[in-house]
Amino acid sequence: MAEDMNYPKVYLGGDLVFRKNAQHLFKVFKEICLAARLQGVSPFDGQDEIEALPPGKETSLLIAQLDRGLMDECRAALFCIDPFRRAADMDPGTAVEIGYMAAQNKPMAGYTVDGRFYHEKVQSYFEQAWHTQLTEEQSQNGGKIRWLDADGMIVHSEGLLQNAMVEGFIRQSGGDIAIADDILSAFRAAAFDLAGLIYGTSGGSGMSHG
């Protein structure tokens with residue numbers, strides 16, 4: 001489609017680059033973006049020379065530099081916030097990218113196939129990885145009960161899907177978090193929500209986390 005060059009560029013962030021089917025996912029994601037009148041930009045775009053470079057510090061830092069350049073070229077972003085490497089938290093690199101786009105006041109939307117609240121993810125992680133349970137503790141001022149993990153660290157971000165800074169920055173940009181059982185449906189909902197935000201129309205995907 002020739003008109004896609006006139007659509008707003010949208011950075012496609014997340015742990016997707018580490019998945020074995022990454023190239024296929026980005027191809028389908030870009031088609032969904034076109035349907036939403038957006039031009040999807042994959043972290044792989046313009047980085048063909050990376051494949052020929054040896055792995056190591058210099059190559060890794062170059063990838064970070066190139067990804068930052070891609071984000072600078074984009075008007076908005078779509079971020080996958082799925083838990084990463086069987087842990088409760090998302091990919092840390094993606095969290096950095098969310099902060100970077102937020103600092104530029106660019107609109108964002110997120111999506112995930114894991115609709116559990118953050119404390120539930122932490123609880124599941126400690127049970128499966130360490131065979132320990134979260135414990136409850138009364139806060140020092142006698143107020144709310146809080147959860148602690150096996151290391152005595154407070155489990156935070158109540159009522160959210162990920163760390164409050166992650167979800168908060170996305171929401172402060174005007175976006176939402178779409179949840180669906182499969183990644184394509186979740187991405188599609190987020191893409192159309194973001195397009196509605198950019199074009200000033202209502203999204204109404206019906207699958208967002210409220």
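Think of each chain on its own: its residues are numbered from 1, step by step along the sequence as written. Totals for whole chains, interfaces and linings use all residues, but because this is a predicted model, local features are given only for residues with pLDDT of at least 70 and pairs of side-chain atoms are given and counted only at 80 or more. Note that water and hydrogens are dropped before the side-chain values are worked out from all heavy atoms of the structure.

Turning next to the overall build of the chain. Strands are runs of DSSP state E lasting at least two residues, helices are runs of H or I lasting at least four, and both sets are numbered from the N terminus onward. Secondary structure assignment for the chain yields 6 helices and 9 strands. Expected size for 210 residues packed as a compact globule is a radius of gyration near 17 Å; at 18 Å, the chain falls within 12% of this value. Relative to its full complement of 210 residues, the chain shows a buried share of 42%. Note on definitions: a residue-residue contact is assigned when non-hydrogen atoms from the two residues lie within 4.5 Å. Of all intrachain contacts in the chain linking residues separated by at least 6 positions in sequence, the fraction that spans at least 24 positions is 69%. Put simply, the chain shows about 11400 Å² of open surface, and 54% of that area lies on carbon and sulfur atoms. When charges are counted, Lys and Arg contribute as positive and Asp and Glu as negative, whereas His and the chain ends are disregarded. Here the site of a charge means NZ on Lys, CZ on Arg, CG on Asp, or CD on Glu. Positive and negative charge centroids in the chain, built from 18 and 29 side chains respectively, lie 2 Å apart. Our radius of gyration is a C-alpha quantity, and the globule rule it is checked against amounts to 2.2 Å times the number of residues to the power 0.38. Throughout, exposure labels follow a simple rule: accessible area from a 1.4 Å probe, protein chains only, divided by the maximum for the residue type, with under 20% read as buried, over 50% as exposed, and the rest as partly exposed. Surface accessibility in these figures is a Shrake-Rupley result with a 1.4 Å probe; residues are shielded only by whichever protein chains are displayed.

For the pair helix 1 (residues 22–35) and helix 6 (residues 183–199), the least separation of the axes is 10 Å and the interaxial angle reads 35°. For the pair helix 1 and helix 6, the sense of crossing is right-handed. Listed contacts from helix 6 to Leu-25, Val-28, Phe-29, Ile-32, Cys-33 and Ala-35 of helix 1 are Ile-183, Leu-184, Phe-187, Arg-188, Ala-191 and Phe-192. Polarity classes work like this: nonpolar for Ala, Val, Leu, Ile, Met, Phe, Trp, Tyr, Cys and Pro, charged for Asp, Glu, Lys and Arg, and polar for all others, with Gly in that last group. Its residues placed into classes, the contact of helix 1 with helix 6 shows 11 nonpolar, no polar and 1 charged. Only the stretch in contact is used when a helix axis is fitted, and all axes are lines through C-alpha atoms; the angle between N-to-C directions ranges over 0 to 180 degrees. Put simply, a crossing is left-handed when the front helix is turned counterclockwise from the back one by less than a right angle, and right-handed when it is turned clockwise.

Turning to the environment of Ile-179, a few remarks are in order. With respect to the secondary-structure elements, Ile-179 resides in strand 8 (residues 177–179). For Ile-179, a relative accessible area of 22% corresponds to the partly exposed category. Along the primary structure Ile-179 and Asp-89 are separated by 90 residues, whereas in three dimensions their C-alpha atoms are 16 Å apart.

Our next topic: the pairing of strand 6 (residues 145–148). Pairing between two strands is assigned when DSSP locates at least 2 bridges connecting them. Where strand 5 (residues 135–138) lies against strand 6, 4 bridges are found, and the strand directions are antiparallel. When the bridges of strand 6 are listed, Glu-137 appears paired with Arg-146. Of the pairings in the sheet, the one linking strand 6 to strand 7 (residues 154–155) comprises 2 bridges and is antiparallel in character. Bridged to Trp-147 within strand 7 is Val-155. With antiparallel pairing between neighbouring strands as the criterion, strand 6 and strand 7 make up a hairpin whose turn holds 5 residues, including Gly-152 at a positive phi of roughly 80°.

The next point concerns the packing of aromatic side chains. Two rings belonging to Phe, Tyr or Trp (six-membered ring only in the last case) form a pair when the distance between their centres is within 6.5 Å. Interplanar angles under 30 degrees mark stacking, angles over 60 mark edge-to-face geometry, and anything in between is tilted. Counted under the stated rule, the structure contains 7 aromatic pairs. Consider the rings of Phe-26 and Phe-44, whose centres lie 5.5 Å apart with planes at 85°: the pair is edge-to-face. One end of the pair, Phe-26, is in helix 1; the other, Phe-44, is in the loop between strand 2 (39–41) and helix 2 (57–73), and 18 residues separate them in sequence. One Lys or Arg, Arg-37, reaches over the ring of Tyr-199 and ends 3.8 Å from the middle of that ring. Just above the ring of Phe-18 sits the side chain of Arg-85; from NZ or CZ to the centre is 5.8 Å. Sitting over a ring, as applied to charges here, requires NZ of Lys or CZ of Arg to be within 6 Å of the ring centre and within 35 degrees of the ring normal.

Residue-level confidence of the predictor is summarised by pLDDT, bounded by 0 at the bottom and 100 at the top. Model confidence for the chain is summarised by a mean pLDDT of 90, while 92% of its residues fall at 70 or above. In the predicted structure, residues 203–208 sits below a pLDDT of 50 and forms 16 contacts with residues beyond four places in sequence or in another chain.

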